[in-house]
2 protein chains.
Amino acid sequence: MELRQLRYFIKAAELSNFTEAANALFISQSTLSQQIQQLENELKTPLFDRIAKRVRLTEAGKLFLPAARKTIRDGEDGKQLLKDLNELTAGTLAIGLTYGLSDLVIKSLKIFTDNYPKILVQVIYGTPDGLIEFLSEGRIDFLLSFISHQHSPIFESILLFESKLSLIVSGNHPMAKKTNIRLSDISALPLALPVTNFSIREFLDLALARQQLLLDIRLEANDINILLQLADAGTWCTILMASSIFNFPNLKAIPITGKEMVRQATITWPKDTYRKTATRTFIDIIQIQASNQVFA
Amino acid sequence: MELRQLRYFIKAAELSNFTEAANALFISQSTLSQQIQQLENELKTPLFDRIAKRVRLTEAGKLFLPAARKTIRDGEDGKQLLKDLNELTAGTLAIGLTYGLSDLVIKSLKIFTDNYPKILVQVIYGTPDGLIEFLSEGRIDFLLSFISHQHSPIFESILLFESKLSLIVSGNHPMAKKTNIRLSDISALPLALPVTNFSIREFLDLALARQQLLLDIRLEANDINILLQLADAGTWCTILMASSIFNFPNLKAIPITGKEMVRQATITWPKDTYRKTATRTFIDIIQIQASNQVFA
DNA sequence: ATTCCATGATCGAATTTACCGATTAATAAC
DNA sequence: GTTATTAATCGGTAAATTCGATCATGGAAT
């Protein structure tokens, strides 16, 4: 039994006429006749009475017709489901996110969910390593981070924007007026920094090692918001990407000079897997947002 | 999209492994791979992520899987419906019946409905002509009557039993002791007979005309039961088939002599149409009942 | 009655499709 | 590296679908 046969049967039952049904189906009458017979053979039940020059549904045929219709309809429903999914009216979108890119995502999310309210969006914060793992497992659809995987065999990345490593200080901090600063100028400041397994910290530590500098680290936290609040209160300064302070109007990001101090925000997804429309659409949105945004 | 492809997809989704799925489906791995691709093309949506050496459902695939299962299940349900119908656990049986054969049907019905309680039985009384019309229209499945259609091109008949036209009298009637009677002996009796469009009346009138006899007809009725009750009360006699008096133990049927006075009870159904199991089964039962029954 | 028309079944041929086996490519595990 | 596993691909074959033509039947028109 195949859907084709059910489609033929339904049309023939509706028209009670094989010739007309065949025309409506754009097949020959002989084809229709044969396919109906084949269906009847498989069901071991005649579906039509062949009386004189017209056909009429048998009782079995009458019973089978609604069942056949239902089967066809279910098949169509399945197709529609996928169509809806591609048209962003259903489904989920799981976004992996490292600290420091929240602002961009939040702005983009507003645009996305306004246009596609039926998509369930999941925002998963994590470390780059952990999120890469999630990406492999298919638990997130893509990943926003400052780590590029442009040369990976299994991941693909595109650049969103560049952001400079910056000293984050409160607006009334003595250094708040500076437009840029050298890494060596910071060494005297008491700092609150992310813990060492955060990628920004790894990035910073690498630069410090290269320049053979040490910093006055007074506090470590595994939460960027805490660091920002501490800076906002004027207690300590911190070092983060310039793009991290969007939520704190009182804070100032003073870019640290040096071309190695620039990090690239990227979107990463698994190579050679289907990217659903929700993913592609969201990435489009986030790219536009990124290009509109101006970071130091 | 065909059910075959859905079956393949479901198995592959369940096993997350094309090779195993192909084995389970008794097809080659290449066939499975191709059919899945074909389905994906039609849906314009990849259903599996091909990552490294194993496949994994895409979100679209996860969404589509229950829909595919439902479609398959509905198809199976349709088949089961017909199976049930053939196995007499569902469906209807519409019996056309002329007056005079009720007793046989009622006895057979009891056996039938005891064994197949889910079959809805419809008993349609009518005149032979009307019932033949119903048979043509498919409103009844078969017809019990004293009219044979053994030589009709569109109807088929089998003989159930023979019954003699009889004078029906109350047990205390002067003639009740007779074992048979000639038609000419009846002409003096006041009679209550079926109306002229009843087939038994047509049959009787034909015989009377042949023998150039007239009867003393005092009453006509279009209901056999009324005639039987009148006879039972001793008011009048009537002429019916011997098989009609089963419900009236006080009545006696005195066969009328002459070979033309024998009528054949038959079952008739349309030639060359599917006879459902309910029909075939009921006919079997009624044939057995008829052979067990002894009529004058 | 006879002819004509409409309809479904059937037949043979052509086309399409499903299927298989062998091979290739990719990758994970050793 | 090497091996084993797995899915994709290719070419060929068998099967199924489809078509056109024809046949058989029954109803309608004449």
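Rules of the game
Residues numbered from 1 in each chain as written. Chains lettered and ligands numbered in written order. Predicted model: local features only at pLDDT ≥ 70, side-chain atom pairs only at ≥ 80, totals over all residues. Heavy atoms only, no water. Near = heavy atom within 4 Å. Polar contact = N/O pair within 3.5 Å; in protein donor to acceptor, adjacent residues only side chain to side chain. Helix = DSSP H or I, 4+ residues; strand = E, 2+ residues; numbered from the N terminus. Core = buried A, V, L, I, M, F, W, Y, C linked by side-chain atoms within 4.5 Å. Buried < 20%, exposed > 50% of the residue type's maximum accessible area, 1.4 Å probe, protein only. Domains from an automatic or database assignment. Contact = heavy atoms within 4.5 Å. Least-squares fit on C-alpha atoms with pLDDT ≥ 70 in both. pLDDT = per-residue confidence, 0-100. Buried area = accessible area lost by both parts, 1.4 Å probe. Salt bridge = Lys/Arg side-chain N within 4 Å of Asp/Glu carboxyl O. Phe/Tyr/Trp six-rings, centres within 6.5 Å; stacked < 30°, edge-to-face > 60°. Pairing = 2+ DSSP bridges. Patch = residues over 30% accessible without salt bridge, like charges linked within 9 Å, V, L, I, M, F, W, Y side chains within 5 Å. Areas by Shrake-Rupley, 256 points an atom, 1.4 Å probe, with all protein chains shown as cover.

Undergrad: Pulling in residues and values, what's your account of the protein's contact with DNA strand D?
TA: The environment of DNA strand D is made up of 23 residues, and the closest members are Ser28 of chain A together with Phe18, Thr19, Ser33 and Arg50 of chain B. Sugar and phosphate atoms constitute 67% of the interface atoms of DNA strand D, taking the interface as everything within 4 Å of the protein. One nitrogen or oxygen atom from the side chain of Ser30 of chain A is found 2.9 Å from a base oxygen belonging to DNA strand D. In the environment of DNA strand D, a base nitrogen lies 3.0 Å from a nitrogen or oxygen atom belonging to the side chain of Gln34 of chain A. Counting residues per element, the ones that place at least two in the surface near DNA strand D are helix H1 (3-15) and helix H3 (29-43) of chain A together with helix H2 (18-25) and helix H3 (29-43) of chain B.

Undergrad: Pulling in residues and values, what's your account of the nonpolar core?
TA: Counting 60 residues, the largest nonpolar core has Leu144, Leu167, Ile186 and Ile239 of chain B as the members making the most contacts within it. The residues that make up this core include at least three from each of domain 2 (92-161 + 264-292) and domain 3 (163-262) of chain B. In this structure, Ile186 of chain B is in contact with Leu167, Ile181, Leu191, Leu215, Ile239 and Ile256 of chain B, ignoring residues within four places of it in sequence. Judged by nonpolar contacts, the second largest core, of 59 residues, contains Leu204, Ala242, Ile267 and Ala290 of chain A.

Undergrad: Residue-level account of the relation of the copies chain B and chain A, with values.
TA: Between chain B and chain A, the superposition needs a rotation of 179° and an axial shift of 0.2 Å, giving an RMSD of 0.2 Å. In symmetry terms, the pair is related by a two-fold rotation axis. Most of the interface of chain B is mirrored in chain A, where 100% of its interface residues again form contacts.

Undergrad: Account for the protein's contact with DNA strand C, with residues named and values stated.
TA: The immediate surroundings of DNA strand C are formed by 23 residues, with Thr19, Ser30, Ser33 and Arg50 of chain A together with Ser28 of chain B found nearest. Considering DNA strand C, the proportion of its atoms within 4 Å of the protein that are sugar or phosphate atoms stands at 68%. Within the side chain of Thr31 of chain B, a nitrogen or oxygen atom sits 3.1 Å from a phosphate oxygen of DNA strand C.

Undergrad: Would you mind going over the confidence of the model for chain A in detail, with residue names and values included?
TA: Confidence along chain A averages 87 in pLDDT terms, with 98% of residues attaining 70 or more. Within chain A, no element has a lower average pLDDT than helix H6 (residues 128-137) of chain A, which sits at 82, and none a higher one than strand E10 (residues 251-255) of chain A, at 94.

Undergrad: I'd like a description of the side chain of Gln35 of chain A, backed by residues and values.
TA: All names here are of chain A. As for its position among the elements, Gln35 is in helix H3. Of the residues examined, Gln35 reaches a relative accessible area of 14% and is grouped as buried. A polar side-chain atom of Gln35 sits 2.6 Å from a polar atom in the side chain of Arg4. Leave out the neighbours within four places in its chain, and Gln35 touches Arg4, Gln5 and Tyr8.

Undergrad: An account of the interface of chain B and chain A is requested, with residue identities and associated values reported.
TA: Frequently, the measure chosen for interface size is the accessible area removed from exposure when the parts meet. Across the boundary between the two partners, chain B contributes 39 residues, which contact 40 residues of chain A. Together chain B and chain A conceal approximately 3300 Å² of surface at their shared face, both sides included; 60% is due to carbon and sulfur atoms. Considering only the side of chain B, the residues that lose the most area to chain A are Glu59, Leu82 and Tyr274 of chain B, jointly responsible for 18% of the buried surface there. On inspection of chain B and its partner chain A, the count reaches 8 salt bridges. Here Glu42 of chain B and Lys79 of chain A are joined by a salt bridge, their closest N and O atoms 3.2 Å apart. Our count for the contact surface shared by chain B and chain A stands at 17 residue pairs in polar contact (both at pLDDT 80 or more). If you list the elements that add at least two residues to the side of chain B that touches chain A, you get helix H1 (3-15), H3, strand E1 (48-51), helix H4 (59-86) and helix H6 (128-137) of chain B.

Undergrad: Pulling in residues and values, what's your account of the domain arrangement of chain A?
TA: Structurally, chain A comprises domain 1 (3-86), domain 2 (92-161 + 265-292) and domain 3 (163-262). Look at where the C-alpha atoms of domain 1 of chain A and domain 2 of chain A centre, and you get two points 47 Å apart.

Undergrad: Got a sec to walk through the packing of aromatic side chains? Specific residues and values, please.
TA: Each aromatic ring pair is specified by the distance between its two centres and by the angle formed by the two planes. The full count for this structure, using the stated rule, is 12 aromatic pairs over all chains. Here Phe9 of chain A and Phe64 of chain A contribute two aromatic rings whose centre-to-centre distance is 5.5 Å and whose plane-to-plane angle is 50°, an arrangement assigned as tilted. Of this pair, Phe9 of chain A sits in helix H1 while Phe64 of chain A sits in helix H4 (residues 59-86); the two residues are 55 residues apart in sequence, bridging distant segments of the chain. Seen from their ring centres, Phe112 of chain B and Phe282 of chain B are 5.3 Å apart, and the 75° between their planes marks the pair as edge-to-face. Of this pair, Phe112 of chain B sits in helix H5 (residues 102-115) while Phe282 of chain B is found in helix H10 (residues 277-292), placing the two residues 170 residues apart along the sequence.

Undergrad: Which residues make up the pattern of salt bridges, and what are the values?
TA: All names here are of chain A. In the structure shown here, the tally under the stated rule is 30 salt bridges over all chains. For Lys276, the salt bridge is made with Asp141, and the minimal N-O distance between the two is 3.3 Å. Of this pair, Lys276 sits in the loop between strand E11 (262-270) and helix H10 (277-292) while Asp141 sits in the loop between H6 and strand E5 (142-145), placing them 135 residues apart in sequence. By relative accessible area, Lys276 is classed as buried at 8%.

Undergrad: Quick rundown of the pairing of strand E2 (residues 54-57) of chain A? Include the residues and the values.
TA: All names here are of chain A. Burial of E2 is one-sided: the residues Val55 and Leu57 facing one way are buried, the residues Arg54 and Arg56 facing the other way are not. Of the pairings in the sheet, the one linking strand E1 (residues 48-51) to E2 comprises 4 bridges and is antiparallel in character. When the bridges of E2 are listed, Arg50 appears paired with Val55.

Undergrad: Explain unusual backbone geometry to me, and be specific about the residues and the numbers.
TA: With a phi close to 60°, Phe26 of chain A is a non-glycine residue in the positive phi region. By secondary structure assignment, the location of Phe26 of chain A is in the loop between helix H2 (18-25) and H3.

Undergrad: Which residues make up the environment of Arg4 of chain B, and what values do they have?
TA: Position of Arg4 of chain B relative to the elements: it lies in helix H1. Distance in space between the C-alpha atoms of Arg4 of chain B and Gly96 of chain B is 43 Å, their sequence separation being 92 residues. Those residues within four positions of Arg4 of chain B in sequence are excluded, and the remaining contacts are Glu2 of chain A together with Gln35 of chain B.

Undergrad: Report on a nonpolar patch on the surface, specifying residues and quantitative values.
TA: Residue and element names in this part refer to chain A. A cluster of nonpolar side chains, namely Ile106, Val123, Tyr125 and Phe246, defines an oily patch on the protein surface of about 340 Å² accessible area. Among the structural elements, Tyr125 can be located in strand E4 (residues 120-125). A relative accessible area of 38% places Tyr125 in the partly exposed class.

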